[in-house]
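# Topology and contacts: notes
Now for the letters of each chain:
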Amino acid sequence: MPRRPDAEVRRRLVERAARMLADREPVTLRSLVEGTGASTMAVYTHFGGMPGVWRAVRQEGFTRLSARLATVPRTADPVHDVAALGVAYAANAIESPALYRAMFDAVAELEDPAGADSGLAVLVDAVARARDEGRLAAGTDAAGVATRLWLAGHGLLALVVQGVLPADVVPGHSVETAVALLTAAGDEPAACRTSVTRAWEPSTGRPRV
């Protein structure tokens, strides 16, 4: 059997650590590498020790989120594109719930703190484009609207990944929240609902729930 590349070993250790953290399992060097095919020395090789593991787990969550948001295509409808970023954010959380929970556990420092801001920056830019193209009011605070969208979405998804709410409530609540916030920012209600609903249609990448 061919030896797995180091990047694969690192990925497996990060994902196992995230699952153990989410399941509240005691984490030691031995318990972390159990079932991964890696030795305890791999933890030092890749992370420099257990504190480095937790930093890497948090960072991996933000890295994957940024990569997921980067796959969202730009269309001629800026409000649709704002909502589509929400779809990608939700899909990322639902598909990797342990990593999503670990992302926001500030017990460990991030390897690259600026990387944690990149996802929100993408959303701010999308809201600014909707404003600049006339869908939102000219005086709209793009950062403020983006932050409120993120806060609402994160609150909902945090409950879902912890098992408090079922995943199938995400599309409906997400559509209503986005429509409320974007119409409050100046978009025309009917056009806003059409744009946001279209972003959450299954054919455009709605997360499997």
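Here the residue numbering is sequential within each chain, running from 1 through the sequence in written order. Given that the model is predicted, a residue must reach a pLDDT of at least 70 before its local features are reported, and side-chain atom pairs must reach 80 or more before they are shown or counted; all residues, however, enter totals for whole chains, interfaces and linings. Processing note: side-chain calculations cover all non-hydrogen atoms of the structure and skip hydrogens and water entirely.

## Re the packing of helix 1 (residues 6-22) against helix 4 (residues 50-69)
What describes two packed helices is the angle between their axes and the distance between those same axes. Where helix 1 contacts helix 4, the axes come no closer than 9 Å and their chain directions differ by 100°. Comparing their axes, helix 4 and helix 1 come out roughly perpendicular. Every residue of helix 4 that contacts helix 1 at Arg10, Arg11, Val14, Glu15, Ala17, Ala18 and Leu21 is listed here: Val53, Trp54, Ala56, Val57, Glu60 and Arg64. Lys, Arg, Asp and Glu make up the charged group, whereas Ala, Val, Leu, Ile, Met, Phe, Trp, Tyr, Cys and Pro make up the nonpolar group; the residues left over, Gly among them, are polar. Across the contact of helix 1 with helix 4, the residue classes tally to eight nonpolar, no polar and five charged. Axis definition: a line fitted to C-alpha atoms, over the contacting stretch in the case of helices. Angles run 0 to 180 degrees between N-to-C directions. Think of it this way: any DSSP run of H or I at least four residues long counts as a helix, any run of E at least two long counts as a strand, and we number them from the N terminus. Any angle that falls under 35 degrees is termed roughly parallel, while one over 145 is termed roughly antiparallel, one within 65 to 115 roughly perpendicular, and all others oblique. Only heavy atoms enter the contact rule, under which two residues are in contact if any of them lie within 4.5 Å.

## So, the confidence of the model for the protein
In this model, the protein carries an average pLDDT of 88, and 94% of its residues clear a pLDDT of 70 or more. Confidence of the predictor at the level of single residues is captured by pLDDT, which takes values from 0 to 100. When pLDDT is averaged over each element of the protein, helix 10 (residues 189-199) comes out on top at 98 and helix 1 at the bottom at 82. The model gives residues 1-5 a pLDDT under 50, and that stretch makes one contact with residues more than four places away or in other chains. Here residues 203-209 scores under 50 on pLDDT; set against residues more than four positions off or in separate chains, the count is 17 contacts.

## Let's talk about the environment of Ala18
Note that Ala18 resides in helix 1. Classification of Ala18 as buried rests on a relative accessible area of 1%. In this structure the C-alpha to C-alpha distance between Ala18 and Thr71, which are 53 residues apart in sequence, comes to 24 Å. Residues contacting Ala18, with those up to four places away along its chain left out, are Val57, Ala98 and Leu99. Each residue is placed in one exposure class: buried if its accessible area under a 1.4 Å probe, protein chains only, is under 20% of its type's maximum, exposed if it is over 50%, and partly exposed if it falls in between.

## Observations concerning helix 9 (residues 170-184)
Expected helix span is taken as 1.5 Å per residue step, with the number of steps being one fewer than the number of residues. For helix 9, spanning 15 residues, the distance from its first C-alpha to its last is 21 Å, which sits close to the expected 21 Å at 1.5 Å a residue. Within the sequence span of helix 9, burial applies to Val170, Pro171, Ser174, Val175, Ala178, Val179 and Leu182. Seen along its axis, helix 9 keeps its buried residues to an arc of 145°; they face one direction. Looking at the buried side of helix 9, the elements it contacts are helix 5 (78-95), helix 8 (142-161) and helix 10. Following helix 9 by one or two positions, Gly186 adopts a phi angle in the positive range, close to 120°. When we speak of the arc, we mean the arc of directions from the helix axis to the C-beta atoms.

## Looking at the packing of aromatic side chains
Paired rings are identified among Phe, Tyr and Trp, the last through its six-membered ring, by centres lying within 6.5 Å, and are further divided according to the angle between planes into stacked (under 30 degrees), edge-to-face (over 60) and tilted (the rest). Taken as a whole and assessed by the stated rule, the structure comprises four aromatic pairs. Judged by centre distance (6.2 Å) and plane angle (45°), the rings of Phe104 and Trp150 are tilted. Of this pair, Phe104 sits in the loop between helix 6 (97-103) and helix 7 (118-132) while Trp150 sits in helix 8, placing them 46 residues apart in sequence. We classify Phe104 as partly exposed; its relative accessible area is 30%.

## Points about the packing of helix 4 against helix 5
Taken N-terminus to C-terminus, the directions of helix 4 and helix 5 make an angle of 140°; their axes are 9 Å apart at the nearest point. Judged by the inter-axis angle, helix 4 sits oblique to helix 5. Read as a crossing pair, helix 4 and helix 5 show a hand that is right-handed. Along the contact surface, helix 4 presents Gly61, Arg64, Leu65, Arg68 and Leu69, while helix 5 presents Leu85, Ala88, Tyr89, Ala91, Asn92 and Glu95. Grouping the amino acids of the contact of helix 4 with helix 5 by side-chain chemistry returns six nonpolar, two polar and three charged. Take the far helix as your reference; a near helix turned counterclockwise from it by less than a right angle gives a left-handed crossing, and one turned clockwise gives a right-handed crossing.

## Observations concerning the nonpolar core
A general trend in soluble globular proteins is that nonpolar side chains are found buried together. If you look at the biggest cluster of nonpolar residues, it comprises 41 residues, and the most contacted ones within it are Val127, Leu149, Leu157, Val170, Leu182 and Val196. For this core, the secondary structure elements donating two or more residues are helix 4, helix 5, helix 6, helix 7, helix 8, helix 9 and helix 10. When sequence neighbours within four positions are dropped, the list of residues in contact with Leu149 reads Val82, Leu123, Val127, Ala178, Leu181 and Leu182. If you look at the next biggest cluster of nonpolar residues, it comprises 20 residues, including Val14, Ala17, Met20 and Val33. We define the nonpolar core as a collection of buried residues of types Ala, Val, Leu, Ile, Met, Phe, Trp, Tyr and Cys that are connected through side-chain atoms lying within 4.5 Å of one another.

## Let's talk about helix 1
Given 3.6 residues to a turn, an α-helix orients residues that are three or four positions apart in the same direction. Across its 17 residues, helix 1 extends 25 Å between first and last C-alpha, which sits within 8% of the 24 Å expected from 1.5 Å per residue. The complete set of buried residues in helix 1 reads Val9, Arg12, Leu13, Val14, Arg16, Ala17, Ala18, Met20 and Ala22. Where helix 1 is buried, its residues meet helix 2 (29-33), helix 3 (40-47), helix 4 and helix 6. Just past helix 1, the residue Arg24 takes up positive phi, approximately 60°.

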